[in-house]
Amino acid sequence: MNISVVSLELAALSIGFLIIIFGLIFPSFRSSKTGGYLAIIGLLSMLIGSFFLPASNTQTFINAFYVQDDLALFFKQLFILAAIFINAMSLHYLKPYTKNKGDYFALTFFALTGMMVMASAAEFITLYIGLELMTFTFVLLTAYKKQDLKSGEAGLKYILLSAISSGVLLYGLSLLYGLTGKLDFAGISSVFSLGATSPLVVWAIIMLLSGLGFKIALVPFHMWTPDVYEGAPTPITAFLAVGSKAAGFIAFIRVFFHVFSVYTSIFMPLLITLTVLTLLIGNLIALAQTHLKRFLAYSSIAHAGYILLGVIAYSKLGLSAILFYLMLYLFANIGAFAGVTALVINTGHDRIADLTGLWKRSPFLSVIFLISLLSLAGIPPTAGFIGKFYLFTEAIHQGYLWLAALALGMSLVAIYYYLMVLRTLLSGTNEETKSFIIPFSLRLVMIVSAGMTLVIGIWPGPFTDIALRIAQSFL
Amino acid sequence: MISLFYLFSAILLVFALGTVISTNLIHSALLMMGSFFAVAGLYLLLQADYLAMVQILVYVGAIAILLVFGVMLTRKGSIEESNLPNRYKGIGLLTALGLFGLLARSIYYTRFPAPPIGHPTQSILAIAQAFLLQYFVAFEALGILLLIAILGAILIGRDSK
Amino acid sequence: MIGLSHYLFVAAALFCIGVYGVLTKKNAIAVVMGIEFMLNAVNINLIAFNHFMAPNHVIGQLFAIFIIGVAAAEVSLGLAIILSLYRQRHLVAIDEMDILKW
Amino acid sequence: MDQFAWLIPTLPLAAFLIIVALTYRFKLLSAIVATSFSLGSLILAISILIQKIQNPKTTETFINWLTITANQQTVLTLQMGYLIDPLAAVMCLIVTLIATLVLLYSIGYMKGDEGFSRYFAYISLFTFSMLGLVISNNYFQTFVFWELVGLCSYLLIGFWFFKPEAADASKKAFITNRWADFGFLVGIIGLFTVFGSFNFTELSAVIGLHQNTLVLLILGLLVFLGPMGKSAMFPFHVWLPDAMEGPTPISALIHAATMVAAGIYLVARGYILFASVDSVMIVIAYIGGFTALFAATIALVQRDIKRILAFSTLSQLGYMMMALGVGSMTSGMFHLTTHAFFKALLFLGAGSIIHAVHDQDIFNMGGLVKKMPITVWTFVIGSLALSGIFPLAGFWSKDEILTVTLQHHFTGLFILGTLVAFLTAFYMFRLIFIALFGDKRSNHHAHESSWTMTLPLLILAILSIVAGLVNTPWFYQWTGMSFSTFLFFKEPEIPVIHWSIAGLSSLAALGGIFVAWIIYAKQHISADKLAERFKGAHTLLLNKYYIDELYGWVFNKGMIGLGKVFNFIDHTLIDGFFDGTATLIRSTGIQLRLFQTGRLQQYALVLFVAIAAMTIWGVR
């Protein structure tokens, strides 16, 4: 029994419960922002502590079903980082919507726990429970704005669709269990490596692809994303776009790089088709959006497509490109969503048209949008450029020139729509000339995320080294 | 054994079909309860006694009852027409049938290897051990998940006015 | 002799009935029922596999219990949201819930 | 000196950062910071150029910006560094010189604009990006700065974002360029995949061994797409005329030294790649030639002073590209150099005029020569240089290009080049006779601009007169060196004058001016100094009414007709193609968007149908 493996999970749970218990003892605690500060402090200390944790493939808890390898630790740090940003964004955002802030902050910890369980799971039951823990908490957080019709509807859509998708996923898992008699990754892959393909293996692969593809918003399993992203409270949308998607990716990586590694010839054509669809649909529909959060939802769908190029490349470098891209994607997306949060706090709306004349009202916010959106669009000197370059180069290197060319072409379409948003933001005048009030915590989130976007863009070396080291330890 | 299997299966499928076809939501709920009993019967045939018990306790005793309550609390209009099909009736049927056809074909063509020789483990003890040893993390996470569900039901379901 | 495939066929049929229910029912609660059928089908699969393919351990049954637990949580949370929406908008037909679209 | 080369781009970057961080509120201080830092770069560039003249050895320094090593084996190395050879030294000089003059000019031009500091910050950033591109030692760094140049031009063209046309134009410029960059990026990643390096020096060593191979043909054409976009070659030229929406000094910068020059510069920089496949060179030459003719004819029928200059830039860029394509890097770069001076002069002059008249339509101007003599006469000098009148700068570089086309047996392109020389002189003097001389045609109160604006004009006018001399036999005899013995591909050439070609091109240019005079000036100015000037030519033509009619007919039915047809093609077909693709993509998006109906069960249906489809495909 090795407690250090689960120490982060335990810490997250303890802080979450602490906030709930405080709220029960002191009713005023629930309506104040204290819980949020407590959450941020707790998360920061978790983040710092996580760097002192031993991580290697041998770090397991009780048995090999729960591991803390480099990959898992990397993702956990990513989740904690996202959670810090999300809590800081929520401090002021929540005020008009609910009196009960305390439970909200506590819930982010349970979602975090779910993600961390997913990151460490080396076995399907644990993976599944972690996934559901994450999903349920997100449902709750999505529907948190009770007076808002959109919020409730988004919650219902999210829980029903994710239940349907996990039904499919479970059916696939049951087939996997039936074919191998096991549910742990190593066991299944060792049985698979003996050979013997039956039609049901294909079923299992497809059902897992759709179940995990649902979480990373892979077309055609993406359809929940725009609706849920639009309805959810903005910080939670950011958490969904960054955390939930990254959690989906760790599961995706473990399953497709490890469990199904002998069946590349079966899943690769499917994966390539879906990636092409994702790139096309995500980018094309994003063009036609008028609502900022929906727009970012489609952009996040498109980004899943780019990241999948790394899976398709199916190499160490491909994996490290994925990890690198997830890092910069986190900062760029948090920057963009923090911008949306500031917009909502000040104007109460989040349509693209509401950005008109923002340059005049808040140059600071405009610059944050500029940096974040340019990074998402992949323009130097922001991090997005080097991330895309890395992914595309590796895809071309592994012989997928046409796919990389398609992704590149679609990223041109993407530039068109990001520029459309930036144009709205820079041009025009707004009759409302009151300058924006951006709370300190939100400002800090923006500065850190935009700053990191530039830092990774200008000096990517250390970050690619981290990504490569982790990829090498995994494969 | 054989006739029992067919009996339970027939009850299960007929009741399940009834559930999704009926236009009365109360009938659907009751038929669903019946089908859950049949599932428990199948579990018994598969020598999963504990599971059969859990099935009846949780599915019939909790989930189905919860759903009936849900039906009662959200009543609107005539109960006779409370469970109408939507616009996707035709294509939904087609999809479900197609999926079944494909699945059945795959199952039919799959040759499962001969079962390994082994003695069925004494389920309850083995399950308890697995719960608390190998699958400890999942077990704890499930506990938190149930807690979240309770918390959520209170936070969201509670009348805010 | 009743073999593994018999159970798998029954489970597949139940799964597809669930799919049909999910896709074609207007009432949100009926959709939840459909999902429950899908999950039950999975459980039948798991236990049948456990019985026929790997009788010397109980992982299949264990998984089934986990699924039942998750299903219970799912139903309670889902119903809470359905009730809340019913109070807000006085409707349970989910194809009329389309504020969020396009 | 070479070890300080990195400072050349860094100084403008520092200016940008200082303005953004410190002096944003103090407008004049921002301008001083930007201008003085740019001047610093200019001094550095001059000293490096002098050193290169003394010792033309290539120096290269780089750091490994990003190294990716898998299993002790380096799989991807991205360098950041500088490569200083005569080419880079010359280009550095041009960029810093023009930038400094434009900055100085802008102090007067932008006075009172609320975005004053932002403007100077952008220009500094723009100069930084261009210089970073110029001194780059590898394709990757070039691409990064290439994109930065594009981004800065987006910000600058759209400087007045509150004007919707400006915002649209900037977007168009950026997007058109991105389509071209798409090919460029695929091309350089392809180069890396095939040859294992982005570095110019390393690549040129390897590429030489693969002359005329299919892979080089494909990669060369892909990489060439980049310069086609940046240098606005047909059919990617659509963005350049629209890019007039920005402040005029920006146009001067874009048209003379940055942005569009980047494309020509890249072709020269990666010359070995293009020169090693004959068919790529032929494509380059003919695209250049066609663009030259195409743009020149369109310029004949424009009314907006900046648009005329814009099409003239297009045409001259076509000239340079043609020179590069026929195999002479020297003459292409030489024309780039001289063109930088007189085109900057023309744009700054146009800016001065627009500043005074507050209108851009040449038919609303007129009668400016008395009101703003410095502007007008420097403008005339610029036009003469552009037309290629002896002994101004344009004469020498244009002559050089025509000579090499003939030497490399591109007779068709030679004729085309001479025709373009004629057209250039014609449209420039059409502009001059209508806008500067003639009667005052609108109620404007023109006045001469302040010294910060006229000083750059004077400096550029002097340069436009003398810059061409550096590649003359006399200069060679005097100093022992010349442009073509300094900057060359493979072997240095000693400058010689081919009097027959020079005579022909001069004749074409003078003919153009004469025709313009007949058509546009004669009707408005009865006894003017200009009539005196062309007296010799005038009396030579005995039956002048007949010539008049013939020219009128040839012009109205011939060249101007062609101009109108090309203008139509440009606006309707090419614009239509780019806009049409955009519209098509957009409307596809709008259609697809409607598929997201908001009905939960539809989403589930898609999910299950997808699973069914995948299994039908997967289970065989």
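Given the structure is predicted, the values throughout are model-derived calculations rather than measurements.

*Asks:* Requested: an account of the overall build of chain D, with residues and values cited.
*Replies:* Regarding its fold elements, chain D presents 26 helices and two strands. Expected size for 620 residues packed as a compact globule is a radius of gyration near 25 Å; at 25 Å, chain D falls within 12% of this value. Relative to its 620 residues, chain D shows a buried fraction of 63%. Of the contacts made within chain D by residues no fewer than 6 positions apart, 79% connect residues no fewer than 24 positions apart. Across chain D, the centroid of the 34 positively charged side chains sits 6 Å from that of the 29 negatively charged ones.

*Asks:* An account of the overall build of chain B is needed here, citing residue identities and associated values.
*Replies:* Helix and strand counts for chain B come out as six helices and zero strands. Against the 2.2 N^0.38 benchmark of 15 Å for 161 residues, chain B shows a C-alpha radius of gyration of 20 Å, more extended than a compact globule. For chain B, the C-alpha atoms occupy an extent of roughly 60 × 40 × 25 Å along the three principal directions. Residues classed as buried in chain B amount to 45% of the 161 residues present. In chain B, once contacts between residues fewer than 6 apart in sequence are set aside, the share between residues at least 24 apart is 64%. For chain B, the exposed surface amounts to about 8,300 Å²; the carbon and sulfur share of it is 72%.

*Asks:* Explain the interface of chain D and chain B residue by residue, including any values.
*Replies:* Taken residue by residue, the interface counts 12 residues in chain D and 10 residues in chain B. Taken together, the two surfaces of chain D and chain B that pack against each other cover about 860 Å², and 67% of this comes from carbon and sulfur. At the boundary of chain D with chain B, the tally comes to zero salt bridges. If you look at where chain D meets chain B, you find two residue pairs in polar contact (both at pLDDT 80 or more). When the residues that make up the side of chain D that touches chain B are grouped by side-chain class, the tally is seven nonpolar, four polar and one charged.

*Asks:* Explain the packing of helix α5 (residues 139-157) of chain D against helix α8 (residues 214-230) of chain D residue by residue, including any values.
*Replies:* When two helices pack together, their arrangement is given by the angle between the helix axes and the distance between those axes. All names here are of chain D. Where α5 contacts α8, the axes come no closer than 12 Å and their chain directions differ by 25°. When the axes of α5 and α8 are compared, the pair comes out roughly parallel. The handedness of the crossing between α5 and α8 comes out as left-handed. Contacts from Y139, W146, V149 and G150 of α5 reach α8 at V223, G226, P227 and K230. For the contact of α5 with α8, a count of residues per class yields five nonpolar, two polar and one charged.

*Asks:* Break down the domain arrangement of chain B for me, citing the residues and quoting the values.
*Replies:* One widely used convention gives an interface's size as the accessible area the parts lose upon coming together. When cut into domains, chain B gives domain 1 (1-75) and domain 2 (121-161). A separation of 22 Å is found between the C-alpha centroids of domain 1 of chain B and domain 2 of chain B.

*Asks:* Lay out the interface of chain B and chain C with the relevant residues and their values.
*Replies:* Facing 84 residues of chain B, the contacting portion of chain C comprises 69 residues. Interface area, chain B with chain C, both sides summed: about 6,900 Å², of which 77% is carbon and sulfur. Our count for the contact surface shared by chain B and chain C stands at zero salt bridges. Listed by contribution, the elements that provide at least two residues to the side of chain B that touches chain C are α1 (2-21), α2 (25-45), α3 (49-73), α4 (89-109), α5 (123-132) and α6 (136-157) of chain B. Counting residues per element, the side of chain B that touches chain C draws most heavily on α3 of chain B, which supplies 12 residues. Looking at the side of chain B that touches chain C residue by residue, the class counts come to 58 nonpolar, 20 polar and six charged.

*Asks:* Outline the packing of aromatic side chains, listing residues and values.
*Replies:* Taken as a whole, this structure holds 65 aromatic pairs over all chains when the rule is applied. Their ring planes at 50° and their centres at 4.5 Å tell us that Y171 of chain A and F15 of chain C sit as a pair that is tilted. Here Y171 of chain A is found in helix α7 (residues 149-180), whereas its partner F15 of chain C is found in helix α1 (residues 4-24) on a different chain. Here Y171 of chain A falls in the buried class, since its relative accessible area comes to 1%. Where F192 of chain D meets F198 of chain D, the ring centres are 4.6 Å apart and the plane angle is 10°; that geometry is what we call stacked.

*Asks:* Which residues make up the side chain of T135 of chain A, and what values do they have?
*Replies:* Residues and elements named next belong to chain A. By the element assignment, T135 lies in helix α6 (residues 124-142). Given the relative accessible area of 1%, T135 is considered buried. There is a polar contact of 3.4 Å between the side chain of T135 and the side chain of K215. If we ignore the near neighbours within four places in the chain, the residues touching T135 are Y158, S162 and K215.

*Asks:* Got a sec to walk through the pattern of salt bridges? Specific residues and values, please.
*Replies:* If charged atoms from side chains of opposite charge come close, those side chains can pair. On inspection of all chains with the given rule, the structure shows 14 salt bridges over all chains. Among the salt bridges present, the one from R294 of chain A reaches E230 of chain A, with a minimum N-O distance of 2.7 Å. Of the two residues, R294 of chain A sits in helix α13 (residues 292-313) while E230 of chain A sits in helix α10 (residues 224-231), which places them 64 residues apart along the sequence. The pair formed by R294 of chain A and E230 of chain A is uniform in burial state, with each residue classed as buried. We note a salt bridge from K101 of chain C to D98 of chain C, for which the minimum N-O separation is 3.8 Å. By relative accessible area, D98 of chain C is classed as partly exposed at 21%.

*Asks:* Explain the side chain of K25 of chain C residue by residue, including any values.
*Replies:* You can see K25 of chain C is positioned in the loop between α1 and α2 (28-52). Exposure remark for K25 of chain C: the relative accessible area of 2% places this residue in the buried category. Not counting the four nearest positions on each side in its chain, K25 of chain C is found in contact with T19, V20, I21, S22, N83, L84 and N86 of chain B, A30, V31 and I94 of chain C together with Q601 of chain D.

*Asks:* Can you lay out unusual backbone geometry for me, pointing to particular residues and giving the numbers?
*Replies:* For the peptide bond that leads from V219 of chain A to P220 of chain A, omega is 5°, which places it in the cis range. Structurally, P220 of chain A can be placed in the loop between α9 (199-215) and α10. Residue P391 of chain D is bonded to the preceding F390 of chain D through a cis peptide linkage, with omega at -5°. Tracing the sequence through the fold places P391 of chain D in the loop between α16 (373-387) and α17 (393-407). The backbone of Q47 of chain B shows a phi angle near 60°, a positive value even though the residue is not glycine. As for its position among the elements, Q47 of chain B is in the loop between α2 and α3. A relative accessible area of 47% places Q47 of chain B in the partly exposed class. Phi is positive for H409 of chain D, which is not a glycine, with a value near 65°.

*Asks:* Can you tell me about the packing of α6 of chain A against α6 of chain B, naming the residues and giving the values?
*Replies:* Two elements in contact, α6 of chain A and α6 of chain B, have axes separated by 9 Å at closest approach and are oriented at 15°. By the angle between their axes, α6 of chain A is roughly parallel relative to α6 of chain B. Seen from above, α6 of chain A lies across α6 of chain B with left-handed handedness. Packed against α6 of chain A, whose contacting residues are I125, T126, I129, E132, L133, F136, T137 and L140 of chain A, the element α6 of chain B presents V137, A138, A141, L142, I144, L145, I148, G152 and I156 of chain B at the interface. Here the contact of α6 of chain A with α6 of chain B is composed, by residue class, of 13 nonpolar, three polar and one charged.

*Asks:* I'd love a proper account of a nonpolar patch on the surface, names of residues and values included.
*Replies:* Residue and element names in this part refer to chain D. A grouping of F390, I462, I465, V466, L469, W474 and W499 is seen on the molecular surface, where their side chains present a nonpolar patch of about 680 Å² in accessible area. Examining the composition of the nonpolar patch, we find that three residues originate from one element, helix α19 (residues 451-466), more than from any other. For F390, the location among the structural elements is in the loop between α16 and α17.

*Asks:* Can you lay out the environment of A106 of chain A for me, pointing to particular residues and giving the numbers?
*Replies:* Residue and element names in this part refer to chain A. Examined against the element boundaries, A106 turns out to sit in helix α5 (residues 102-120). Judged by its relative accessible area of 0%, A106 falls in the buried class. For the pair A106 and H222, spaced 116 residues apart in sequence, the C-alpha separation works out to 28 Å. Other than its neighbours up to four places away in sequence, A106 contacts G16, I19 and I20.

Rules used in this analysis
Residues numbered from 1 in each chain as written. Chains lettered and ligands numbered in written order. Predicted model: local features only at pLDDT ≥ 70, side-chain atom pairs only at ≥ 80, totals over all residues. Heavy atoms only, no water. Helix = DSSP H or I, 4+ residues; strand = E, 2+ residues; numbered from the N terminus. Rg over C-alpha atoms; globule rule 2.2 N^0.38 Å. Buried < 20%, exposed > 50% of the residue type's maximum accessible area, 1.4 Å probe, protein only. Contact = heavy atoms within 4.5 Å. Lys, Arg positive; Asp, Glu negative; His and termini not counted. Charge placed at Lys NZ, Arg CZ, Asp CG, Glu CD. Areas by Shrake-Rupley, 256 points an atom, 1.4 Å probe, with all protein chains shown as cover. Buried area = accessible area lost by both parts, 1.4 Å probe. Salt bridge = Lys/Arg side-chain N within 4 Å of Asp/Glu carboxyl O. Polar contact = N/O pair within 3.5 Å; in protein donor to acceptor, adjacent residues only side chain to side chain. Nonpolar A, V, L, I, M, F, W, Y, C, P; charged D, E, K, R; others polar. Axes fitted to C-alpha atoms, helices over the stretch in contact; angles between N-to-C directions. Parallel < 35°, antiparallel > 145°, perpendicular 65-115°, else oblique. Left-handed = near helix turned anticlockwise from the far one by under 90°. Domains from an automatic or database assignment. Phe/Tyr/Trp six-rings, centres within 6.5 Å; stacked < 30°, edge-to-face > 60°. Patch = residues over 30% accessible without salt bridge, like charges linked within 9 Å, V, L, I, M, F, W, Y side chains within 5 Å.

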